[in-house]
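Examining the three-dimensional arrangement
Listed below, chain by chain, are the residues.
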Amino acid sequence: MTTPTVNNNVNSEALLQARDALKETPEAAEFVWKVTSEWKDGTYSQQTIEHFSGLGAAQQHKQAFVLEGDHPEVFASEDRGPTPVETVLAGLAGCLTAGVAAVAQNRGIQLHSVKATVEGNHNVLGILGGDPEVRNGFNDVNVRFDIDADASPDEIAALVAQSQKRSAVFDALANPTNVNVSVG
């Protein structure tokens, strides 16, 4: 009897080899991710993602990625792109979903579908300056996964838990991160 091959299109062997190599040269594991944002008009801006550094050198994506950001018409804007807070939620969804795929591949679990729905509860009186007691960010964020896989409910829950444990975006949202803003 042959064991079916699991293929979630994640090269977990290469990821594990990279992890082991970086443990031997931890300075190469220091990455700097970079996004530039250019104001266009009103509350509309474009964010470009192209360059980053890691493995001890400057790196570049195969192509530049451009994200748009705006605010909806209910905020007297033109709704030409997602709000920045929606982009944050998309980053969390993407990071957790990628983690589920990587962990599933490593554990030999075939995925058929993975859908993450992320909701951020947000009182906008803070960002509008309407109430100084209301914070500007999310009150809380909820993530719900719907996963179809060749695995038990406990194994699926463990995939999600491991993805959450290793998610850089989850960590950045759930734990304090130093943010420094400067001009010039």
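Residues numbered from 1 in each chain as written. Predicted model: local features only at pLDDT ≥ 70, side-chain atom pairs only at ≥ 80, totals over all residues. Heavy atoms only, no water.

The name given to the protein in an unreviewed UniProt entry is OsmC family protein, with the source organism recorded as Actinomycetospora flava.

**Side note on helix α2 (residues 84-106)**
Stated formally: Helix and strand assignments come from DSSP, with helices taken as H or I runs of at least 4 residues and strands as E runs of at least 2, each series counted from the N terminus. Multiplying 1.5 Å by the residue count of a helix minus one yields the expected span of that helix. Residues count as neighbours in contact if any of their non-hydrogen atoms are within 4.5 Å of one another.
For α2, with 23 residues, the first-to-last C-alpha span of 33 Å sits near the 33 Å given by 1.5 Å per residue. Residues of α2 that are buried make contact with α1 (12-24), β5 (111-121), β6 (140-149), α3 (153-166) and α4 (168-174). At the C-terminal side of α2, G108 shows a positive phi close to 75°.

**Considerations on the packing of aromatic side chains**
What counts, and what does not: Note on ring pairs: Phe, Tyr and Trp rings are taken, using the six-membered ring of Trp, and paired if centres are within 6.5 Å. Classes follow the plane angle, with under 30 degrees stacked, over 60 edge-to-face and the rest tilted. Partly exposed describes any residue whose relative accessible area lies between the buried limit of under 20% and the exposed limit of over 50%, with all areas from a 1.4 Å probe on protein chains only and scaled to the type maximum.
Following the criterion strictly, the structure yields three aromatic pairs and no others. Judged by centre distance (6.3 Å) and plane angle (15°), the rings of F31 and F52 are stacked. Note that F31 is positioned in the loop between α1 and β1 (32-33) and F52 in strand β3 (residues 44-54), a separation of 21 residues in sequence. Since its relative accessible area comes to 29%, F31 is described here as partly exposed. Ring-pair connections join several aromatic residues into one group, and the members of that group are F31, W33 and F52.

**Comments concerning the packing of α1 against α2**
Selection rule: Every axis corresponds to a line fitted to the C-alpha atoms, with the helix fit spanning only the stretch in contact, and the corresponding angles, defined between N-to-C directions, vary from 0 to 180 degrees. Any angle from 65 to 115 degrees is called roughly perpendicular, while one under 35 is roughly parallel, one over 145 is roughly antiparallel, and all others are oblique.
Following both chains from N to C, one finds α1 and α2 inclined at 95°, their axes separated by 9 Å at the closest point. In terms of orientation, α1 and α2 fall into the roughly perpendicular class. Across the interface between the two elements, S12, L15 and L16 of α1 pack against A102, Q105 and N106 of α2.

**Section: the nonpolar core**
Test applied: For this analysis, a nonpolar core means a set of buried residues of the types Ala, Val, Leu, Ile, Met, Phe, Trp, Tyr and Cys, connected via side-chain atoms within 4.5 Å.
Membership of the largest hydrophobic core comes to 17 residues, with the highest contact counts inside it found for L111, I147, A149 and L159. Listed by contribution, the elements that provide at least two residues to this core are α2, β5, β6 and α3. Of the residues forming this core, the biggest block, eight residues, is contributed by α2. Beyond its immediate stretch of four places on either side in the chain, L159 contacts V100, V103, A104, R107, I109 and L111.

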